[in-house]
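# Examination of the molecular architecture
Single-letter residue listing:
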Amino acid sequence: MLVYIREAHAEDEWAMESNRADGVSLIQPRTADERCDAACALVERLDIGVPTLVDDMDDTVGRAYGAWPERIYVIEADGRIGYQGGYGPFDFEPAEAAAFLERLVGPPAPPGP
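The text that follows walks through the structure, step by step, so that each part is easy to find. What you are looking at is a predicted structure, and each value in this text was computed from that prediction instead of being measured.

Calculation criteria
Residues numbered from 1 in each chain as written. Predicted model: local features only at pLDDT ≥ 70, side-chain atom pairs only at ≥ 80, totals over all residues. Heavy atoms only, no water. 1 Å grid on protein atoms, 1.4 Å probe; cavity = no way out; pocket = protein on both sides within 12 Å on 5 of 7 lines; lining within 4 Å. Points joined across faces, edges and corners; volume = space filled by probe spheres on them. Helix = DSSP H or I, 4+ residues; strand = E, 2+ residues; numbered from the N terminus. Phe/Tyr/Trp six-rings, centres within 6.5 Å; stacked < 30°, edge-to-face > 60°. Buried < 20%, exposed > 50% of the residue type's maximum accessible area, 1.4 Å probe, protein only. Lys NZ or Arg CZ within 6 Å of the ring centre and 35° of its normal. Contact = heavy atoms within 4.5 Å. Pairing = 2+ DSSP bridges. Salt bridge = Lys/Arg side-chain N within 4 Å of Asp/Glu carboxyl O. Disulfide = S-S within 2.5 Å.

What follows concerns the layout of surface pockets. Roughly 2000 Å³ of volume is contained in the largest pocket. If you go around the largest pocket, you meet 49 residues; those closest to its centre are Leu2, Val3, Leu42, Arg71 and Phe92. When residues of the lining of the largest pocket are traced back to their parent elements, those giving at least two are β1 (2–4), α1 (17–22), α2 (32–46), α3 (60–65), β3 (73–75) and α4 (94–105). The biggest single contributor to the lining of the largest pocket is α4, with seven residues.

Turning our eyes to something else, we now look at the packing of aromatic side chains. Two numbers describe a pair of aromatic rings. These are the distance of the centres and the angle of the planes. For the coordinates displayed, the defined rule picks out two aromatic pairs. Between the aromatic rings of Tyr65 and Tyr73, the centroid separation amounts to 4.9 Å while the plane-to-plane angle is 65 degrees, which identifies the pairing as edge-to-face. Its relative accessible area of 31% is what places Tyr65 among the partly exposed residues. Between Tyr83 and Phe100 the ring centres are 5.9 Å apart and the planes differ by 35 degrees, which places this aromatic pair in the tilted class. Remark: Phe100 occurs in helix α4 and Tyr83 occurs in strand β4 (residues 81–84); sequence separation between them is 17 residues. With respect to class, Tyr83 is no different from Phe100; both count as buried. The lysine or arginine in question, Arg71, covers the ring of Tyr87, its NZ or CZ lying 3.9 Å from the ring centre.

Summarising the element assignment, Glu76 is placed in the loop between β3 and β4. Look at Glu76 and you get buried, because its relative accessible area is 19%. Not counting chain neighbours up to four residues away, the residues in contact with Glu76 comprise Gly82, Phe100 and Leu104.

Of the pairings in the sheet, the one linking β3 to β4 comprises three bridges and is antiparallel in character. Across the sheet, Val74 pairs through a bridge with Tyr83, a residue of β4.

Taken as a whole and assessed by the stated rule, the structure comprises eight salt bridges. Glu13 is the salt-bridge partner of Arg6, the closest N and O atoms lying 2.8 Å from each other. Looking at Arg6, the relative accessible area reads 30%, which means it is partly exposed. Each of Arg6, Asp12, Glu13 and Arg30 takes part in a single network of salt bridges with overlapping partners.

Let us now look at the state of the cysteines. Under the counting rule described, the total for this entry stands at zero disulfides. Free of any disulfide, Cys36 has its nearest neighbouring cysteine sulfur in Cys40, separated by 6.5 Å. Judged by its relative accessible area of 33%, Cys36 falls in the partly exposed class.

Turning next to the environment of Pro94. Looking at where Pro94 falls in the secondary structure, it is placed in helix α4. For Pro94, a relative accessible area of 43% puts it in the partly exposed group. Along the chain, Pro94 and Ile72 lie 22 residues apart, while their C-alpha atoms are 7.4 Å from each other.

Here it is in structure tokens:
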């Protein structure tokens, strides 16, 4: 599951030229509906195939997990944090998280027909 949190590099806060070049620059969402719209755009653009939740406007999840600017967690079935990745972008290692998940639940299923 993915949790979409506050934008780390919103155009009106700490804009990144690379976001502009990639066409993913946006203003920081100010309402829950705007944040949901941004999350939906992300899921569609990146073709994300996992359930995606959206953090509330108080940033409850982002603050609880220290997720800013980007971070990967794997929460095990018993609710424990099984994997906590480093802060992005320099210690952000998606392959490391994928390896942990593979050890935990097995290899990914092959693509369907």
